[in-house]
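Overview (structure and organization)
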Amino acid sequence: QVQVVESGGGLVQPGGSLRLSCVVSGTFFGVNGMGWYRQVSGQEREWVAGGTSGGTSRVADSVKDRFTYSRDNGKTTIYLQMNNLKPEDTAVYYCKAAVRVRLQEKNREFWGQGTQVTVSS
C-alpha cells in the first residue's frame, strides 16, 4: 500500500505564510516525480510546483516569486513554502507522487486527499 498525505494547510491572513508538507509512505521501490496542485471548487486542478527525484524542480510562473518547492534528501517528502499569501491562493492543495511500487513495474500516480488553504482577513 502506498499512502500520500498532505499537511500544513489552514486559515491565514493575507500576507501570511504557510508551509505544506507531503509524505509518501508504505511499501514501494522508489518515488520519482512529485508535485503540488491546487483546486478551487468548480474549477480545474492547477499545477503549482513539482520536481524530479534527481533534484530538478519548477514552480508555476504565477506564484514563483512567493512559493518555494523543496524535497528532502530521503526523497519521500516534499514541501511548499508559501509566502505573502493572497486570497486568490485559497484552494485545496493536493500532492501527487509518481511511485515505482515494484522494480519491474512502471511508475504509478498516487494522490493525497488534499489540505485546505484559506487566505482571508
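What comes next concerns the included structure. Fair warning: this is a prediction, and the values are worked out from it, not measured in the lab.

**Brief notes about the overall build of the chain**
- The helix and strand tally for the chain stands at zero helices and eleven strands.
- The order of α-helices and β-strands along the chain, N terminus first, is β-β-β-β-β-β-β-β-β-β-β.
- Taken against the 2.2 N^0.38 rule, which gives 14 Å for 121 residues, the C-alpha radius of gyration of the chain at 14 Å falls within 12% of a compact globule.
- For the C-alpha atoms alone, the extent of the chain along its principal axes is close to 50 × 25 × 20 Å.
- The burial tally for the chain puts 40% of its 121 residues in the buried class.
- For the chain, the proportion of contacts with a sequence separation of at least 24, taken over those separated by at least 6, is 55%.
- About 6,800 Å² of surface is accessible on the chain, with carbon and sulfur atoms providing 45% of the total.

**Topic: the state of the cysteines**
- A complete count under the given rule lists one disulfide for this structure.
- Put simply, C22 and C95 are joined by a disulfide, and their sulfur atoms are 2.0 Å apart. Since a negative S-S torsion denotes a left-handed disulfide, the C22-C95 link at about -75 degrees is left-handed. One end of the pair, C22, is in strand β3 (residues 18-26); the other, C95, is in strand β9 (residues 91-100), and 73 residues separate them in sequence. For the pair C22 and C95, one class covers both residues: buried.

**Things to note about the nonpolar core**
- Membership of the largest hydrophobic core comes to 30 residues, with the highest contact counts inside it found for M34, W36, F67, L80, M82 and Y93.
- Those elements that provide at least two residues to this core are β1 (2-7), β3, β4 (30-39), β5 (46-51), β7 (67-71), β8 (77-82), β9 and β11 (115-119).
- It is β9 that contributes the most residues to this core, five residues altogether.
- Contact partners of M82, with chain neighbours within four places excluded, come to G16, S17, L18, L20, R66, F67, Y93 and V117.

**Quick look at the side chain of T77**
- With respect to the helices, strands and loops of the structure, T77 is situated in strand β8.
- In contact with T77, other than residues within four places in its own chain, are C22, V23, S70, R71 and D72.

**Describing unusual backbone geometry**
- Of note, the phi angle at N84 is positive, near 50 degrees, even though the residue is not glycine.
- Tracing the backbone shows N84 in the loop between β8 and β9.
- Among the residues examined, N84 registers a relative accessible area of 43% and is labelled partly exposed.

**Considerations on the side chain of D89**
- Take D89: it is sitting in the loop between β8 and β9.
- Taking relative accessible area as the criterion, D89 reaches 1% and is therefore assigned buried.
- At 2.8 Å, the side chain of D89 forms a polar contact with the backbone nitrogen of K86.
- The residues touching D89, leaving out its near neighbours within four places in the chain, are R38, V63, R66, F67, N84, V117 and V119.

Criteria and thresholds
- Think of each chain on its own: its residues are numbered from 1, step by step along the sequence as written.
- Predicted model: local features are reported for residues with pLDDT of at least 70 only, side-chain atom pairs are reported and counted for 80 or more only, and whole-chain, interface and lining totals are derived from all residues.
- Processing note: side-chain calculations cover all non-hydrogen atoms of the structure and skip hydrogens and water entirely.
- Runs of E in the DSSP output that reach at least two residues are strands. Runs of H or I that reach at least four are helices, and both are numbered from the N terminus.
- Here the radius of gyration uses the C-alpha set of atoms, whereas the globule reference equals 2.2 Å times the residue count to the power 0.38.
- Only protein chains enter the accessibility calculation, which uses a 1.4 Å probe; a residue is then buried when its area is under 20% of its type maximum, exposed when over 50%, and partly exposed in between.
- Residue contacts are defined here by distance: any two heavy atoms, one from each residue, within 4.5 Å place the two residues in contact.
- Note that accessible areas follow from Shrake-Rupley with a 1.4 Å probe, and for residues the cover is restricted to the protein chains shown.
- Throughout, disulfides are identified as pairs of cysteine sulfur atoms within 2.5 Å of each other.
- The set of buried Ala, Val, Leu, Ile, Met, Phe, Trp, Tyr and Cys residues whose side-chain atoms join them within 4.5 Å is what this entry labels a nonpolar core.
- Think of a polar contact as two N or O atoms within 3.5 Å of one another; within protein, one of them needs to be a possible hydrogen donor and the other a possible acceptor, and neighboring residues in sequence only count if both atoms come from side chains.

Such coordinate-based values are descriptive only and should not be taken to indicate function.
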